[in-house]
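# Residue-level structure breakdown
The primary structure of each chain is shown beneath.
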Amino acid sequence: RAKEEGRSTVCLFSKEMHEEIEQNLKLQMLLPGAMEEEQFVLYFQPQFNDLEELIGAEVLLRWEEPTLGFIRPDLFIRAAEESGLIIPLGDWVLRKACQQMQEWMVKGLPASFDRLAINISARQFSQDDFALKVDAFTKEANISPSKIELEITESMLLHHLDQVVEKMKLLHGMGFYIALDDFGTGYSSLSYLRELPLHKLKIDQAFVRDISSDNNDRVIVETIIAMARLMELDVIAEGVEEEYQLNFLKEKGCYQYQGYYFDRPVPADVFYERWVENPKPPSAQ
Ligand code: C2E
Ligand code: MG
Ligand code: MG
Ligand code: MG
């Protein structure tokens with residue numbers, strides 16, 4: 001097949017792949033030193049309800065490499081997954097986020113603020129002691145597991161579904177919230193979605209982006225919202241950038257939002273100052 005498509009196509013394709021692999025290996029090599037030198041920092045992106053009240057934040061990891069600058073999270077997370085470093089790095093994120101939540105609770109948070117959402121990669125979730133570990137981090141920080149939402153992805157549901165469901169039930173029983181991130185982009189079969197101990201669906205930004213121009217996306221978003229309601233799940237839309245999107249979502253019954261329309265992910269002190277100490281309604285920003 002490659003032969004049929006001609007030499008130039010093959011070369012271009014393999015060159016890109018080659019560069020991607022090289023970049024990935026380079027990141028894998030840089031990661032351990034980056035952890036040691038504490039080049040990582042947590043950013044926080046606010047989440048709001050339909051009354052424009054702050055209901056929480058998603059924790060997003062940032063890596064500023066001294067010579068390369070900020071590295072895209074999807075690239076370094078993938079590298080960390082492949083090298084196995086996602087385990088200590090993920091532990092660091094969890095521990096740090098729990099500490100931050102505790103600190104903010106002591107300083108004061110609005111009553112509407114429910115919890116911090118933390119991304120969990122498949123490899124992290126698959127650890128035998130994952131539930132015990134994350135429970136230990138909340139105890140260490142002296143916060144209730146109900147203050148933490150674990151964002152998992154559909155890809156985790158592809159293998160060893162029984163074990164995944166069992167672990168989700170355990171976490172659910174411990175009091176953690178569980179959200180299915182990037183919903184709609186993966187392969188989840190609707191039939192088993194019902195069986196999962198989930199609290200929330202996060203509509204992927206890919207469907208939100210073109211709501212104003214793409215009727216298929218409108219239908220998909222509307223269907224996800226309706227489905228979430230039938231299954232008695234919360235639903236939050238990510239990637240909300242425009243008022244039009246916000247109004248559409250609201251009209252269709254989605255009452256939680258996250259996106260550049262409100263704010264980008266920002267460092268902890270900026271987050272607290274901007275959204276807790278001197279809160280202005282997002283629409284007045
Ligand atoms: P995600 O969990 O789906 O996070 C949402 C991504 O969308 C973030 O990208 C966020 O900055 C971006 N975003 C938020 N609002 C908007 C918007 O209005 N428009 C657009 N275009 N984008 C928006 P980010 O921070 O680059 O992270 C990318 C991905 O990296 C995340 O996707 C998540 O899968 C992963 N990631 C980030 N931090 C962590 C972490 O601590 N652990 C793990 N396992 N994965 C992480
Ligand atoms: Mg996420
Ligand atoms: Mg997402
Ligand atoms: Mg994503």
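Above this text sits the structure in question.
Let us look at the structure shown here.

What counts, and where the lines are drawn
- Residues numbered from 1 in each chain as written.
- Chains lettered and ligands numbered in written order.
- Predicted model: local features only at pLDDT ≥ 70, side-chain atom pairs only at ≥ 80, totals over all residues.
- Heavy atoms only, no water.
- Near = heavy atom within 4 Å.
- Polar contact = N/O pair within 3.5 Å; in protein donor to acceptor, adjacent residues only side chain to side chain.
- Areas by Shrake-Rupley, 256 points an atom, 1.4 Å probe, with all protein chains shown as cover.
- 1 Å grid on protein atoms, 1.4 Å probe; cavity = no way out; pocket = protein on both sides within 12 Å on 5 of 7 lines; lining within 4 Å.
- Sits in = over half its atoms within 2 Å of the grid points.
- Helix = DSSP H or I, 4+ residues; strand = E, 2+ residues; numbered from the N terminus.
- Axes fitted to C-alpha atoms, helices over the stretch in contact; angles between N-to-C directions.
- Parallel < 35°, antiparallel > 145°, perpendicular 65-115°, else oblique.
- Left-handed = near helix turned anticlockwise from the far one by under 90°.
- Contact = heavy atoms within 4.5 Å.
- Nonpolar A, V, L, I, M, F, W, Y, C, P; charged D, E, K, R; others polar.
- Salt bridge = Lys/Arg side-chain N within 4 Å of Asp/Glu carboxyl O.
- Buried < 20%, exposed > 50% of the residue type's maximum accessible area, 1.4 Å probe, protein only.
- Patch = residues over 30% accessible without salt bridge, like charges linked within 9 Å, V, L, I, M, F, W, Y side chains within 5 Å.
- Donors = N, O, S within 2.8 Å, 3.2 Å for Na, K, Ca; no water.
- Points joined across faces, edges and corners; volume = space filled by probe spheres on them.

### Thoughts on the site of ligand 1
Near ligand 1, the surroundings consist of 22 residues, among which R62, N119, D181, E241 and Y260 are the closest. At a separation of 2.9 Å, an oxygen atom of ligand 1 approaches a polar side-chain atom of Q205. Residue Y260 places a main-chain N or O atom 2.8 Å away from an oxygen atom belonging to ligand 1. For ligand 1, whose free accessible area comes to 800 Å², the fraction covered by protein is 83%. The site holding ligand 1 turns out to be the largest pocket. Sorting the residues of the shell around ligand 1 by element identifies β2 (54-65), α2 (73-83) and β6 (177-183) as the ones contributing at least two each. Per-element accounting of the shell around ligand 1 gives the leading share, 4 residues, to β2.

### What to know about the packing of helix α9 (residues 215-230) against helix α10 (residues 243-252)
Interaxial distance between α9 and α10 falls to 10 Å at its minimum, and their mutual angle equals 40°. In terms of their interaxial angle, α9 and α10 are classed as oblique. The two elements α9 and α10 cross, and the hand of that crossing is right-handed. On α10, the residues that touch R218, V221, E222, I225 and R229 of α9 are Y244, F248, L249 and K252. Split by residue class, the contact of α9 with α10 holds 5 nonpolar, no polar and 4 charged.

### Overview of the pattern of salt bridges
Counted according to the given criterion, the structure contains 13 salt bridges. Between R78 and E82 there is a salt bridge, with its nearest N and O atoms 3.1 Å apart. Placement of the pair is R78 and E82 together in helix α2, with a separation of 4 residues, close to one helical turn. By relative accessible area, which is 44% here, E82 ends up partly exposed. Across the pair E149 and K200 runs a salt bridge, and its minimum N-O distance is 3.2 Å. Taken together, the residues E149 in strand β5 (residues 148-153) and K200 in strand β7 (residues 200-203) connect sequence positions 51 residues apart. Of the residues examined, K200 reaches a relative accessible area of 4% and is grouped as buried. Connected through salt bridges with shared partners, the residues E58, E151, K202 and E238 form a single ionic network.

### Describing a nonpolar patch on the surface
Together, M17, I21 and L25 give the surface a local cluster of nonpolar side chains, amounting to about 280 Å² of exposed area. The topology assignment puts L25 in helix α1 (residues 7-36).

### Topic: the coordination of the magnesium ion (ligand 3)
Taken together, the protein ligands of the magnesium ion (ligand 3) are D181 (OD), D182 (OD), E238 (OE) and E238 (OE), with distances of 2.1 to 2.5 Å. Taken as a pair, the magnesium ion (ligand 3) and the magnesium ion (ligand 2) show a spacing of 3.9 Å, with D181 coordinating each metal.

### Remarks on the layout of surface pockets
If a probe as big as a water molecule is rolled over the atoms, it shows which places are left empty. Of the pockets and cavities examined, the largest pocket occupies roughly 1200 Å³. Lining of the largest pocket is provided by 40 residues; of these, E58, L60, P73, D74 and N119 occupy positions nearest its centre. With 6 residues, α2 is the single largest residue contributor to the lining of the largest pocket. In the lining of the largest pocket, the residues fall into 15 nonpolar, 11 polar and 14 charged. What the second largest pocket holds in volume is close to 370 Å³. In this structure, the second largest pocket is lined by 18 residues; those nearest its centre are F125, S126, Q163, V164 and K167. For the lining of the second largest pocket, the secondary structure elements donating two or more residues are α4 (122-125), α5 (130-141) and α6 (161-174). Ranked by the residues each element gives to the lining of the second largest pocket, the list is headed by α6, at 6 residues.

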